[in-house]
Amino acid sequence: MKNLMEHMGVEPGRLQFSWISSAESTKFVDVVTKVTESVKALGPNTNYVKKSAAKV
Amino acid sequence: MKVIKIDKKTWAGGINSLRSGYRLIGPVVKGDAHDFAELASDEAPDMAFGNTRLSPKSVIFPQSEPMFTYSLDESDPEHHILKDSTKDYSPRAVIGMRPCDAKAISLVRMNFDTPDYRDPYWMDAYDATTFVGLACDNPCTTCFCTSAGCGPYHEEGLDVLLSDCGDAYEAKALTEKGEKLLAAAGWDAEGDVSIFEPKKADAEAKITCTVETGNLRGKNSLDLYDAPFWKELSFACINCGTCTYTCPTCWCFDIQDENKGKEGVRMRNWDSCMTSLFTMHGSGHNPRTEKHQRFRQRFMHKLKYFVDKYDKGLMCVGCGRCVQQCPANIDIRTICNKMNGYEAAS
Amino acid sequence: MESYIGKIKEISERLLNDGTVECVVGFRKGTVALTNEPCMITKASDVKDLVWDSNCRLNLANYLTGRKEKIAVIAKGCDSRNIVNHIIENKISREQLVIIGVPCKGMVDKNNPESLQSNCATCTHRNPVIYDELCGELVEEQTDVDKYEDVRAVEAMETQEKWAFFEELLSGCTRCYACKNACPLCYCPTCFVDESQPQWIGKGTDPIDVRTYHFLRAYHCAGRCTDCGACEAACPQNIKVRQFTKKLEKDCNELYGWEAGLTVDQRPPLDSFKLDDPDKFIM
């Protein structure tokens, strides 16, 4: 899914996957920090977002 | 009835003159086919086409059309109140539509403009539009308009009918609206009305495929409904919306609310009787769960219910688009003939 | 390829006459040029209507979904692969079917009958992968073809270019859903586009809704798509919808060494778990 999203022009880093057990609190914090950083670096999503319901 | 000769040398100039008073819509090349679209300020309609892939019904009846807007923000004193969407009903003109598509619009009008009810969106757009037709001198192989109550020089629903005469168009003004448009374009050379009849006869002679419709009205609806052929005829059908979306006479729509944040819009979108969702009730019951039921509905509506209800012929103008574009080769001509020839076992 | 039809009729007639099957799913002559119509023959006397030529584009596996009777089905390479998919996914049982295999040299492009459909031009499974009867000598499989040239061209683009490429690609889409309805993989009782609680995507023509539809449709075909080309052949707007599914097909090939519909003996990679499954996408 990540590949296809990026293939159609969603920025790499916008969609992220991880696998974290409920026992892996440190990993959870690490992943959230990393995701937040990478998404902040990308800035607001401009491509894959519906501009307005009224714009038809 | 006035006939004006439009020298092709004055065509582009006339079209340009129209731009100040009309939004112009015409056939343009899109990808590998022609379709109707609003013309850019420097764009001329491309009149060299067989038939457009989609009909120009979207000029009056867009595939997605906002009706109301509303706010869900409860701090707004007018929240949850539907307000009319802003609309542009300034004069517009469709240039170069085929007579079949114009007749289709007059058929669709029977649904949107009745003594009891007037659909404001459809009718306002219709009233704002001047329809300039282009007669069909080279019909497509799938055209069967002459046996569907229409024809390559059919005038119903048009304000102007153009006939291509090589270096010039002969333009027959059919209504006041049409005369006004021709005057606005600055076309005023006297034309020759006598060319229409022979050209019409030539064009009609080129249409070789026909449908049999004479018995439809006399048939019992329930007999046709219960006819044994529906399952067999619908076997190949994949129940997509190709036929309904491409059809100039299909008018069904579905109303949807779409929200984004605290803003919302109530819109209507083309719908298709080929889909199961079309008849899904709020209760969860669906009266047309099977493919052959939906298939039957489409053809019964066009070729029987409409015929009975309005007594104005078929709800089909023979443009042949569904025949050409159906992925599974469902052919309305075959089905019409089958219905017309069906005798229920007594 | 036309020469197969004699054998197809002979086999079909035999199967119907001796009661092995109740019907034969095949094609009959279309009413317009370059088109044939899928049909179901139930009487041996109607077998004469069957045709086989290079305009049998639709995938007949699509007409088998959920049927209960004993069926003979005419299958070219891709149809047979989708029949395998159907068997794996319990949409039909092997015992119900008599597969009449047709070695195939490709279907012609409906818009350009001088050349093959693009998926056929690079097809590497022209022979049926599963069959009970065969209508002719197996044909030589193509080996020196490059299936993914167009996918690589998109992969090489910058993000914005990719976005624009698909925006342009989908600009003519009317959401008639011919692509999904022609696809033998699309058989859910209620498609996600028709769900209303919750409603996954808008029903209008907003380009984001159009793209979401195509993207999700393709995603549902991941690891299942045989690149039979029925979607593209069905599209009345001639949209190259395979640009989505081919990327997934390529990924499945590269990540799992998987081509869909080749065997009923192996579960597809996306519905099974292996310790060495690729996990590069997991951070």
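Residues numbered from 1 in each chain as written. Chains lettered and ligands numbered in written order. Predicted model: local features only at pLDDT ≥ 70, side-chain atom pairs only at ≥ 80, totals over all residues. Heavy atoms only, no water.

Caption draft 1: Local environment of the sheet that holds strand β11 (residues 253-260) of chain B. Residues and elements named next belong to chain B. Reading across from one edge, β5-β4-β12-β11 is the order of the 4 strands in this open sheet, with antiparallel pairing throughout. Of all the strands in the sheet, just β5 (83-84) and β11 have a single pairing partner and so form its edges. Looking at chain direction, β11 and strand β12 (residues 263-270) are connected through 8 bridges and run antiparallel. Paired with D254 across the two strands is N269, which belongs to β12. Here helix α3 (residues 120-128) sits on the sheet in contact with β4 (64-71), β5 and β12, set at roughly 125° to β4. (Pairing = 2+ DSSP bridges. Helix = DSSP H or I, 4+ residues; strand = E, 2+ residues; numbered from the N terminus. Contact = heavy atoms within 4.5 Å. Axes fitted to C-alpha atoms, helices over the stretch in contact; angles between N-to-C directions.)

Caption draft 2: The interface of chain C and chain B, seen in detail. Taken together, the contact pairs 34 residues of chain C with 32 residues of chain B. Here chain C and chain B share an interface that buries about 2500 Å² over both sides, 53% of which is from carbon and sulfur atoms. Summed over the shared surface of chain C and chain B, the result is 1 salt bridge. The salt bridge involving R28(C) is made with E232(B); its shortest N-O contact spans 3.0 Å. On the surface where chain C and chain B come into contact, there are 13 residue pairs in polar contact (both at pLDDT 80 or more). Those elements that place two or more of their residues in the side of chain C that touches chain B are β1 (23-29), β2 (36-41) and α6 (178-182) of chain C. Per-element accounting of the side of chain C that touches chain B gives the leading share, 5 residues, to β2(C). Here the residues of the side of chain C that touches chain B sort into 13 nonpolar, 13 polar and 8 charged. (Buried area = accessible area lost by both parts, 1.4 Å probe. Salt bridge = Lys/Arg side-chain N within 4 Å of Asp/Glu carboxyl O. Polar contact = N/O pair within 3.5 Å; in protein donor to acceptor, adjacent residues only side chain to side chain. Nonpolar A, V, L, I, M, F, W, Y, C, P; charged D, E, K, R; others polar.)

Caption draft 3: Inspection of the nonpolar core at higher detail. Ranked by internal contacts, the top residues of the largest apolar core, which has 150 residues, are L162(B), M339(B) and W52(C). A total of 8 residues in this core trace back to one element, the largest contributor, which is helix α2 (residues 99-112) of chain B. Ignoring any residue separated from it by four or fewer positions in sequence, one finds L162(B) in contact with I6(B), W11(B), M47(B), V132(B), G133(B), L134(B), A135(B), Y169(B), E170(B) and A171(B). Formed by 29 residues, the second largest nonpolar core is a distinct cluster that contains M8(A), F166(C), C179(C) and C231(C). (Core = buried A, V, L, I, M, F, W, Y, C linked by side-chain atoms within 4.5 Å. Buried < 20%, exposed > 50% of the residue type's maximum accessible area, 1.4 Å probe, protein only.)

Caption draft 4: Layout of the layout of surface pockets. Of the pockets and cavities examined, the second largest pocket occupies roughly 1400 Å³. K30(B), F36(B), S58(B), Q63(B) and T205(C) are the residues nearest the centre of the second largest pocket, which is lined by 49 residues in total. For the lining of the second largest pocket, the elements supplying multiple residues, two or more each, are β2 (23-30), β3 (33-38), β4 and α3 of chain B together with α5 (159-169) and α7 (207-219) of chain C. Of the residues in the lining of the second largest pocket, the class split is 21 nonpolar, 12 polar and 16 charged. (1 Å grid on protein atoms, 1.4 Å probe; cavity = no way out; pocket = protein on both sides within 12 Å on 5 of 7 lines; lining within 4 Å. Points joined across faces, edges and corners; volume = space filled by probe spheres on them.)

Caption draft 5: Structural context of the domain arrangement of chain C. All names here are of chain C. The domain architecture assigned to chain C consists of domain 1 (4-134) and domain 2 (149-268). Centre-to-centre separation of domain 1 and domain 2, based on C-alpha positions: 24 Å. Each partner contributes to the interface: domain 1 provides 25 residues, whereas domain 2 provides 27 residues. Buried surface at the junction of domain 1 and domain 2, both sides included, amounts to about 2200 Å², of which 49% is carbon and sulfur. On inspection of domain 1 and its partner domain 2, the count reaches 1 salt bridge. Taking the shortest distance from any N to any O, the salt bridge between R224 and E89 comes out at 2.8 Å. Linking domain 1 with domain 2 are 16 residue pairs in polar contact (both at pLDDT 80 or more), by the criterion used here. If you list the elements that add at least two residues to the side of domain 1 that touches domain 2, you get α2 (77-88) and α3 (118-121). Residues of the side of domain 1 that touches domain 2, tallied by class, amount to 8 nonpolar, 12 polar and 5 charged. (Domains from an automatic or database assignment.)

Caption draft 6: Examining the packing of helix α1 (residues 11-18) of chain B against helix α4 (residues 176-185) of chain B more closely. Residues and elements named next belong to chain B. The N-to-C vectors of α1 and α4 enclose an angle of 110°; their axes lie 7 Å apart at closest approach. Relative to α4, the element α1 is oriented roughly perpendicular. Here α1 contributes G14, S17 and L18 to the contact with α4, which in turn contributes L181, A184 and A185. (Parallel < 35°, antiparallel > 145°, perpendicular 65-115°, else oblique.)

Caption draft 7: Seen up close, the packing of aromatic side chains. Residues and elements named next belong to chain B. One pass over the structure, following the stated rule, counts 26 aromatic pairs over all chains. Relative to F253, the ring of F61 has its centre 6.2 Å away and its plane inclined at 70°; by these criteria the two rings are edge-to-face. Linking F61 in the loop between β3 and β4 with F253 in strand β11, this pair joins segments that are 192 residues apart in sequence. Its relative accessible area of 2% is what places F61 among the buried residues. (Phe/Tyr/Trp six-rings, centres within 6.5 Å; stacked < 30°, edge-to-face > 60°.)

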